[in-house]
Structure formats: C-alpha cells, structure tokens
Amino acid sequence: MTIRSSPRRRPIARRRHLVEVAARAFSDGGYHAVRLDDIAETAGVSAPALYRHFPNKYALFAEATATLATRLAAATAAVEADEPRTELRALLSAIAATAIENRRTGGLYRWESRYLTGPDAEHVRTVVIAQHRRLRSTIMRCRTELERTDADLLAAAMTSVVASPATHRVSLPPREVQTLLCDAAMSLLEPDLAQTGNGPPASIPGLAPAAKRELILSQSIDLFAARGFHDVTIDDIGQAAGIPPSGVYRHFPSKAAILEAAFWRAYDRTAASVADALATSHTPPDAVGEMVRRYVALCCSASELITVYLSETGHLKASTRTALSRRQRLTVEEWATWLGRARPELSATHARFLVHALLAVAADLVRITPLPDPARIEAIGRRILLGADFSR
C-alpha cells in the first residue's frame, strides 16, 4: 500500500506563510518577546527550515513589516484621482479595508516599526509619508481655506479612525465596518473642527515625586516610552531616579514588575476618568462628551504612560494580560453603553467600533510633535462619537 505524504508548500508559499505567522506573533507579543523557535513551531516547520529562508529574527521582522507597508501602499495607489470628496472617501475606504484584512498584524505596523533600521525603516517611512501627503492634499482640495497644519491634523485623525480595527477584536462584517468608519472620518471635514481651540498649551515641566517608589515608576515609564521596555535596564532606571540599582530592587522585584505597575496605573487612571465623567454629567450626550474631554486630557498629560500601555503588552506575563484585557473590555463597554444611549440608532457593536476609533485617535494625536491643541483633539473625538448633532 502506498502512503501519501501531506502536500508540501512550495518555497515561495512557505516563505509567505512564515511571514504571515511572524507578523501575527510580532504584533501580539512584540519584537523582543517573540522567539524564532516559537514562529517555526506555529508555522509547522523546523527551525532549520525557517533559517533557510531568514538568517535571523530581524530579517523576518523587516520583511513582515515591509509586506504590510507594501499592501497599504498598493491599496491607496489603486485609488484614482476624482472629485475631492469622492477621492478622499475612496482613500479612507482603501486604508480601512487594508486594516480590516490585516487586523491580526496591525500592531506590527502601528508600534513595532520603531525597531527597523536603515533602508527597512526608510521604506515604511516613505509609505507613511506618501499616504499622509495624499490625504492632506485631498483634504485641502475639499476645504480650500484650510491651513496646512489643520489639514495635517485632520489627515492624521482620519487615518487613525479608519485604521482602528487593527487595535481591537470587535467583529462586524467588513463592509459595515468600512461604511461606519469612513462616515465617521468624513464627518471630520466639518468647518468648525479646524478652528477649535486657542493654540497648544504651554509646556510646563511638573515636579518629580518625592516618594522613591513613585519616582522609580515615573522615570521608568518615561524610559520605556522613549526606548522600549527591552532596551531599558535597571541601571538606567536607577540612574534616572538618582539611586543605585539596589535601591530600585528595594521597591520592585524586577523590571517586569515595574512594567506591570505602569499598566495598572494606566488602567486605573482611565477607569477613574470614566467614573469622574459620569459623576458630573446629567444626560447621555453630556456623559460621552465629558468622557472624551477627560480621556483626551489624560492622554495629553500622560502621553508616555499611554504609549507604554498601548505598546508594551507583549512583555507582560499571560495572567496579567488576561486580567487587563478583561478590565479593558469592561471600560469600553461603559463607553459604548452611554454612546448607545446618546445615539439610539447605533447598535451596541457599532458603538464599540466608534469607541475604539476614538481611543486610537487620542493615542495617536498626542504623539504628534508639537502636541496639537487638546481642545482640537477633544472636538475631533466628540465628532467621531456623537456626530454633528451633539458634538459642539
């Protein structure tokens, strides 16, 4: 009797499969937390087989990121020039479709590209800049009176809205998602949004905490946000806090314990902002608007904390990630419940998608240098959630 072996992938198909598996792993766990042996096992190949395609982890990471960037570039390049609003919507729809198609790998493009170097980094940067410039140009054709800085802000916000499916796992049919998010992004063209606010706030450095534990945590958050968790040492933290490494260990048993404390700090502040917003509101639209205001204020005042919260999940132990995910879902549900009460026409799932879009926009816009006027970010957030009727 002849025994047939299972079909084997051709080398090109195997390489493509490895890239897809690696992209999901890097997106979920982060570059440094993922091992090549883990990727090989998930892909169903031996480690030597993987090394025949990629000499090291960086090479695999670089190709995975480049593949995602190339898909985005191809999607927007396929959009033909047209009447400005038609073209803008088509561009946003193309970005949304790419984000939906690559939801499992979106974190790679959003956060992990900071580990790229040389031509690899330049390729991704070129794609991002080209996409942004085309959106900005099309927005300025729609709104000829806009200053370039205003168009830059709107382009960044619109991109965050339609790319937000890559930041969560809420499920809807792709066409529904595209329509919902493109409608929300297009609503940002309204004239009043660009003129909101009185300019960026003055940058006033705050005081460092006096308690050593708080000082260590504060300095660690700044270092993790700037350099990434993996590249920060206990020596670095001690030096930043003005104490010897042994002093750090008197307050935290490990660097991982500091990171975990940072995550719970971020969650606690986010949850408190929701509770405080509800305590001062009288109607559902009031509640949603106040939640937006307080969350934007939190992101603007603690951008490093938010950056760590959104980018370093892969370095947490599995039990902590599970506990945080459960709490995060409860917070999103609270937002979505009040949004549904403010806008009864929205289904619960549509409300969740819009909440995630708002959270993504706030996190992205506060990383722009110089920091945009928080009042503008707030106005954008209110429009995304509430539309034109209640957003002023």
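Conventions adopted
- Residues numbered from 1 in each chain as written.
- Predicted model: local features only at pLDDT ≥ 70, side-chain atom pairs only at ≥ 80, totals over all residues.
- Heavy atoms only, no water.
- Helix = DSSP H or I, 4+ residues; strand = E, 2+ residues; numbered from the N terminus.
- Rg over C-alpha atoms; globule rule 2.2 N^0.38 Å.
- Buried < 20%, exposed > 50% of the residue type's maximum accessible area, 1.4 Å probe, protein only.
- Contact = heavy atoms within 4.5 Å.
- Areas by Shrake-Rupley, 256 points an atom, 1.4 Å probe, with all protein chains shown as cover.
- Lys, Arg positive; Asp, Glu negative; His and termini not counted.
- Charge placed at Lys NZ, Arg CZ, Asp CG, Glu CD.
- 1 Å grid on protein atoms, 1.4 Å probe; cavity = no way out; pocket = protein on both sides within 12 Å on 5 of 7 lines; lining within 4 Å.
- Points joined across faces, edges and corners; volume = space filled by probe spheres on them.
- Nonpolar A, V, L, I, M, F, W, Y, C, P; charged D, E, K, R; others polar.
- Salt bridge = Lys/Arg side-chain N within 4 Å of Asp/Glu carboxyl O.

Caption draft 1: Quick look at the overall build of the protein chain. When its secondary structure is counted, the protein chain shows 19 helices and 0 strands. What you see for the protein chain is a C-alpha radius of gyration of 22 Å, in line with the 21 Å of a compact globule of 392 residues. Over its C-alpha atoms, taken along the principal directions, the protein chain stretches across nearly 75 × 60 × 40 Å. Evaluated residue by residue, the protein chain yields a buried proportion of 48% over its 392 residues. Taking contacts inside the protein chain between residues at least 6 apart in sequence as the whole, the part at least 24 apart equals 74%. Counting only carbon and sulfur atoms, one obtains 53% of the accessible surface of the protein chain, whose full area is about 18900 Å². In the protein chain, 49 side chains carry a positive charge and 41 a negative one; their mean positions are 6 Å apart.

Caption draft 2: Inspection of the layout of surface pockets at higher detail. Estimated volume of the second largest pocket: approximately 1200 Å³. Elements represented by at least two residues in the lining of the second largest pocket include exactly α1 (11-29), α6 (106-110), α14 (255-279), α16 (303-311), α17 (318-342) and α18 (348-365). Per-element accounting of the lining of the second largest pocket gives the leading share, 9 residues, to α17. Partitioned by chemical class, the residues of the lining of the second largest pocket number 16 nonpolar, 15 polar and 10 charged.

Caption draft 3: Main features of empty space enclosed by the protein. Evaluation of the coordinates by the stated rule reveals 3 cavities of 30 Å³ or more. What the largest cavity holds in volume is close to 50 Å³. Every residue along the wall of the largest cavity is listed here: Val19, Glu20, Ala23, Ala64, Thr67, Leu68, Arg71, Asn102 and Thr105. Where the lining of the largest cavity is concerned, the elements lending two or more residues are α1 and α4 (57-77). In terms of residue count, the dominant contributor to the lining of the largest cavity is α4 (4 residues).

Caption draft 4: Seen up close, the pattern of salt bridges. Scanning the entire structure with this criterion turns up 18 salt bridges. Of the charged contacts, one joins Asp28 and Arg104 as a salt bridge, the two residues approaching to 3.3 Å between their closest N and O atoms. Separated by 76 residues along the polypeptide, Asp28 in helix α1 and Arg104 in the loop between α5 (84-101) and α6 bring together distant segments of the chain. Take Asp28: its relative accessible area is 41%, and that puts it in the partly exposed class. The partner of Arg89 in a salt bridge is Asp183, with the nearest N and O atoms 2.7 Å apart. Of the two residues, Arg89 is situated in helix α5 and Asp183 in helix α9 (residues 174-186); the sequence distance between them amounts to 94 residues. Look at the salt bridges and you will find they share partners, linking Asp28, Arg104 and Arg169 into a network.

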